[in-house]
Amino acid sequence: MKKTIPLMIVILGGIIFVMYAFSPHKILQDDFYNKFYIPWVYASGPFAALLGVISLCMMHNAKIKRRAPKWQYSYFFYAGFIITSLAGFIGGSQKGGLMMWIFENVQMPMSSTMFSLLAFYMASAAYKAFRARSVEATVLLVAAIVVMLAQVPLGVKIYKNLPVISQWILDVPNLASKRGIAIGVGLGGVATSLKILLGIERSYLGGGD
Amino acid sequence: MRLDKRRLVFLLLFVFVVVSTLIIANRQEDTDQYVVKDFRVEDVPADDGSGLLLSWKPLERDKRIIEYRVYRGVSPDKLFFLDALPVNVKTGVAAERMFYYDNSGSEFIDIGSPRKLKKEKQQDDKSPLYRKMPRNIPILAEMAGKFSLLSMMDKARFYHTTKKITLDKPSTPGPDGKIPDEGDSYAGLADNKQTVICFLKPGEKYYYSVVAVNERNKFQKHAPITEGTPVPNPPDPAQALYSVMLEDSRTLQFEWDLPLYKDDLAQYRIHRVPSLPDTVWNLLRSNPAGLQSSTEVIAQGGIGYGQLKNYTTFTLPEAAPLAAFTEARYSLELIDADGMSSFSPLSTPKLKTTADLPPKAIFRTEDKPDDKGDRLTVVWDNPICFVVKTTALNPKSTKLRVNYQLNKTETQKVKNIYFEFFKMGETKSFAKLKEFYQDNSVILKVPTGYDYRKGFRVKITLEGTPKIPADYVIEQDLKYDPKMLAIMPAKALYRNGIDVSSISNVVYRKTLASPNLTLVKRNTSYDNNLDVSVSYSTMVQKPVLGFRFVKGDSLITILNGERSARKVKAGDVRTAVALMPADIDLVYDKKNETRIETSIFPEIGVKQAKAKVEELEKQLSELNAQKASLSDPAMLAGLEKNLDRIQKQLSAYRDNPDLKRINSISGRRSRMRQIAKLREDYSRYNSYQVVRTDGKGLFNEAELLKSGEEIDYLKPISNWFYKTKVITLIAMILFCLSVVILVGMARRGKDLYIRPIAGLSEIDNAVGRATEMGRPIMYMMGSAYLSDVATIASMGILGLVARKAAEYDTRLIVPIYNYITMPVVQEIVRESHYAVGRPDSFDKNSVFFLTDQQFAYVAGVNGIMIRERAATCFYLGTFAAEALLMTETGNAIGSVQIAGTDSSTQIPFFITTCDYTLIGEEFYAASAYLSRQPMQLGTLKAQDYFKLVIVVIVLIGSLLSSFQITTLNEILPLK
């Protein structure tokens, strides 16, 4: 019963969405989707967010209680959480308020810092990938050099047709493999959806059966 | 670090400096407030007296202003927030003055307004500035007389939620000399169930101010409170009047361009004026009252606030000499709703014949396929194909990509497009191209030795269904454009040899209940159809006539500006409500050409119908009595017309079956359900007309579509099935069938081979490694939502990983990106622990929501990874830029990493940094591979076979396309 009812809800929801995908009728597009489904999604969102916040607080609370490694950082979570919440609740979330100031001057720079690290990690990953240890890796290296050089003026100086070759690499072998993956992903997605719809895939209900 | 005396002093000093700086800066700012200068409130010219124009000099850029807030009130002591004009803080306002038009509806009652009267932020007690008008009927009712109010509400609210408010029995007799049994009834609706929009009233005084707000959200001092009064003005004259005399049919055709503000234009008149110089006319027309006697009105009609037709015709009287009309000049008088008018400059008629008119449009109206029933298509031509641009494909421009556009409806199918290219001035084509697969471009090889800059002529013919006539030819000149440095199409578009580029196809609509046609859209000659929206009724609009509310023990009613009060009695509605008419249109009686109205309250509806019949019968008998005494034929004809109209109304209200049926239902809800069905249905019937015009008096009007004498009205139909998705449905059914067959085979014990997937085989080892090392496992599910298939697939794998981890008593940490996913994931992990008999080892805090900010999530995950020294990391789901940041960190701490994703852009990063990667479909196969259940394996196998079918279809399609057979391409959906 504990699994049957959720399963029935999932199957019923799935069938309705299959109908929604195949039917443009007003009952499905307007009455079901716009007037029923979307408002419920919006209405349930804040409750789920509340659950998320409670979970995060509990996790940090447990860390502090257990004196887990680097437990002191959990206080930073509480400090950030309380300050940002108060800034939002008291001063509002509009531009010019404290919350937006925190967002623009604390969160954005930190996010940008994390993002900028990506460049170094990419270089490191590229080094690993382009080490010409096999024929495949060598092909990869050559293709990468051609594509990268074609992006800069120096590449055209070296050989005027480099952008054409680069575009060919991107349009033909690269796109072919991407489409191959896309077909696989698409079919996998359909198969997974179908498995859920037919009740074959139940592991998402927990326990794996 | 120890806090000794020296450090304490230093710290206190530091705090003192910071606090003093902040206080000084704050005070400095207080003394340096910026007030908006030269604030003016003026009447909007040429309007109906419902608009005021506010203007002021904006503050300099260095004041860092982010917005100007406009406040309005009906008295100078209370101004409410009206609107905010955002300003780019970096660029400021470049213009000398800023303008704000208060001439459209603004919120009077809105769900977002405060419940009580609330002072604006940072304002002292003396400040007249308040936030938005409060959503509080007792306060608003006092101001309501200064505005025209319109309520907008969800139709269900009006149908079912409105309260019946009946006024007290009047003490004075009504127009019929009798004292009615009870007062009038209105529909009352509470403030939280509607939005009321207010419009300025002509002649009323309004007070305004403007406040600048800087980027620190600091409100500056408000501009001096300035009053303004909107007044009705004469309309602007028509921008142009075009007149054409069709000599052969002795018809004058007039067409005009309306001025910019046309919302109050009610009527037009065409005046015949003796031939006068423009200077004299300009003097004369500045005094319209004196003009009436010196001109002759030859045509007149309605403008309908700019929605009705902007053209008319006048047939010359038989005896009138043609010269009297060709030598005269004409002016258009525009008359607004207040009766004020303006005259256009004089127009001299051009002499033409009917042969010069654009051909009459042959059009049809059809239901748009595959929609929810809210669109119709008006089609007036075959599919139209034309060149939009060309691009040189090599430096010498010997090869050109010619981009074309094909305009057609969903029901028109074009099989082939034929392009013939000619050198300029030659009649023999040098290239003939057949476009069998329409990808909006063809490649043209320029003949050797021909200078492409001389240009080309292209002739386009089409083949398709419904059958396109063989003589239907579109031609264009392609000329070298020195600015674009490319061959571009010239302006002219020849359709069967006639340049149609300046001809518009104007679509007008006629509803069932209206005698007039209203403008839908002006279309160019490059369009052959128009999708017209016929939306479903969702809202009801009603004028607000007054308010009723309880204050203390008094019941106060304010209606049409009159206030009355009495003690509250038992049975009175105590909720504060806005009052609006309870009438609603029911149906259009086609036979009697009458729109029937009823009340939303059943008993009033019945009474109203009865009273209406009695009133019409009385009118009819009075008119019949008058008829006997009339002898003048003109007056008699007028009376007959009136009699006929009243007789029809009487028949409609007495005999209409729908009205009878509705009035026989006593329950409000069921009656309203029937009313809604009837009124929402008839209002969606429309008929259309297409008018071809050059915009300068040469127009040709097609007839309305008719069946016999009856006009054809069409209503869009809500379709149950997307016809374009037939193949998708068949494919889905085939896939389902193959799943069922293979699952059955697997159940019967047939061994289904699945190729080994290294990443999945290693999951056991990876979990085992973490157990041996005594370190946790981390599982990242990606950044997609719960509704994403990748997340659900990942949940399937998580269930199995969690089970293994629980069996080996290894800690599993799952930081969640999306909070909606979190409870589901917690449940999966909990169930896995229970399934292997280890409920004690389940720690709810190991599955937690981290954040839904991309890089904050990375920072969190990386921190946990390093602190906990995770032995194994799984990345299964949809990932973006965060993938590499996490996997590189995992790599650095020596974790075994298994990744799987459907994000093709992240696969290379996973391959380079992880030990095992599941690419695309392998990720979706993981659940089946790990569980080895026959049902799952059957699905996986079906997936593989279906992939084979797709590959075969791709190969066949490629082969057929190579031989110009595109049937397969056409039947397969694009997306």
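So, here's what we can say about the structure. All figures in this text were calculated on a predicted structure; none of them were measured in a lab. (Residues numbered from 1 in each chain as written. Chains lettered and ligands numbered in written order. Predicted model: local features only at pLDDT ≥ 70, side-chain atom pairs only at ≥ 80, totals over all residues. Heavy atoms only, no water.)

Summing up its helical and strand segments, chain A has 7 helices and 0 strands in all. Helices and strands in chain A line up, N terminus first, as α-α-α-α-α-α-α. Compactness check: chain A gives a C-alpha radius of gyration of 26 Å against a globular reference of 17 Å for 209 residues, more than 25% above the reference. The principal-axis extents of the C-alpha atoms in chain A amount to approximately 65 × 50 × 40 Å. Accessible surface, chain A as shown: approximately 13,000 Å² in total, 75% of it carbon and sulfur. (Helix = DSSP H or I, 4+ residues; strand = E, 2+ residues; numbered from the N terminus. Rg over C-alpha atoms; globule rule 2.2 N^0.38 Å. Areas by Shrake-Rupley, 256 points an atom, 1.4 Å probe, with all protein chains shown as cover.)

Now for the pairing of strand E5 (residues 98-102) of chain B. Residues and elements named next belong to chain B. Because side chains alternate across E5, one face comprises the buried residues Met 98, Tyr 100 and Asp 102, and the other comprises Phe 99 and Tyr 101, none of which is buried. For strand E2 (residues 52-57) and E5, the ladder comprises 5 bridges, and the chain directions are antiparallel. Residue pairing across strands places Ser 55 opposite Phe 99, the latter belonging to E5. (Buried < 20%, exposed > 50% of the residue type's maximum accessible area, 1.4 Å probe, protein only. Pairing = 2+ DSSP bridges.)

Before going further, it helps to spend a moment on the interface of chain A and chain B. A common way to express how large an interface is: the accessible area buried when the components associate. Each partner contributes to the interface: chain A provides 70 residues, whereas chain B provides 79 residues. Summed over both partners, the interface of chain A with chain B buries about 6,100 Å², with 69% contributed by carbon and sulfur atoms. If you sort the residues of chain A by the area they bury against chain B, Phe22(A), Pro24(A) and Leu187(A) come out on top, with a joint share of 11%. Notably, a salt bridge pairs Lys372(B) with Asp30(A), separated by 2.8 Å at the nearest N-O pair. Where chain A packs against chain B, one counts 9 residue pairs in polar contact (both at pLDDT 80 or more). Here the side of chain A that touches chain B takes 17 residues from helix H2 (residues 26-66) of chain A, the largest share from any one element. (Contact = heavy atoms within 4.5 Å. Buried area = accessible area lost by both parts, 1.4 Å probe. Salt bridge = Lys/Arg side-chain N within 4 Å of Asp/Glu carboxyl O. Polar contact = N/O pair within 3.5 Å; in protein donor to acceptor, adjacent residues only side chain to side chain.)

So, on to the sheet that holds strand E18 (residues 311-315) of chain B. Residue and element names in this part refer to chain B. Taking strand neighbours across the sheet as the criterion, the 4 strands line up as E18-E15-E14-E21 in an open arrangement whose pairing is mixed. A single partner strand is all that each edge strand has here, and the edge strands are E18 and strand E21 (350-352). Direction aside, the axes of adjacent strands within the sheet are offset by 25° on average. Of the pairings in the sheet, the one linking strand E14 (residues 240-246) to E21 comprises 3 bridges and is parallel in character. Note on E21: the bridge partner recorded for Val 244 is Lys 350. (Axes fitted to C-alpha atoms, helices over the stretch in contact; angles between N-to-C directions.)

Residue and element names in this part refer to chain B. Strand order in the open sheet formed by 6 strands is E9-E10-E41-E38-E39-E40, with antiparallel pairing between adjacent strands. At either end of the open sheet lies a strand with only one pairing partner, and these are strand E9 (163-166) and strand E40 (562-567). Each adjacent strand pair in this sheet contributes to an overall mean axis angle of 30°, direction not counted. In this sheet, strand E39 (residues 554-559) lies alongside strand E38 (residues 546-551) in antiparallel orientation, the contact comprising 6 bridges. Following the sheet pairing, Val 550 is matched in E39 by Leu 555.

Glancing now at empty space enclosed by the protein. Under the defined criterion, the tally for this structure stands at 4 cavities of 30 Å³ or more. What the largest cavity holds in volume is close to 120 Å³. Every element with two or more residues in the lining of the largest cavity is listed here: H2 of chain A together with helix H15 (854-868) of chain B. Residue composition of the lining of the largest cavity, by class: 5 nonpolar, 1 polar and 6 charged. (1 Å grid on protein atoms, 1.4 Å probe; cavity = no way out; pocket = protein on both sides within 12 Å on 5 of 7 lines; lining within 4 Å. Points joined across faces, edges and corners; volume = space filled by probe spheres on them. Nonpolar A, V, L, I, M, F, W, Y, C, P; charged D, E, K, R; others polar.)

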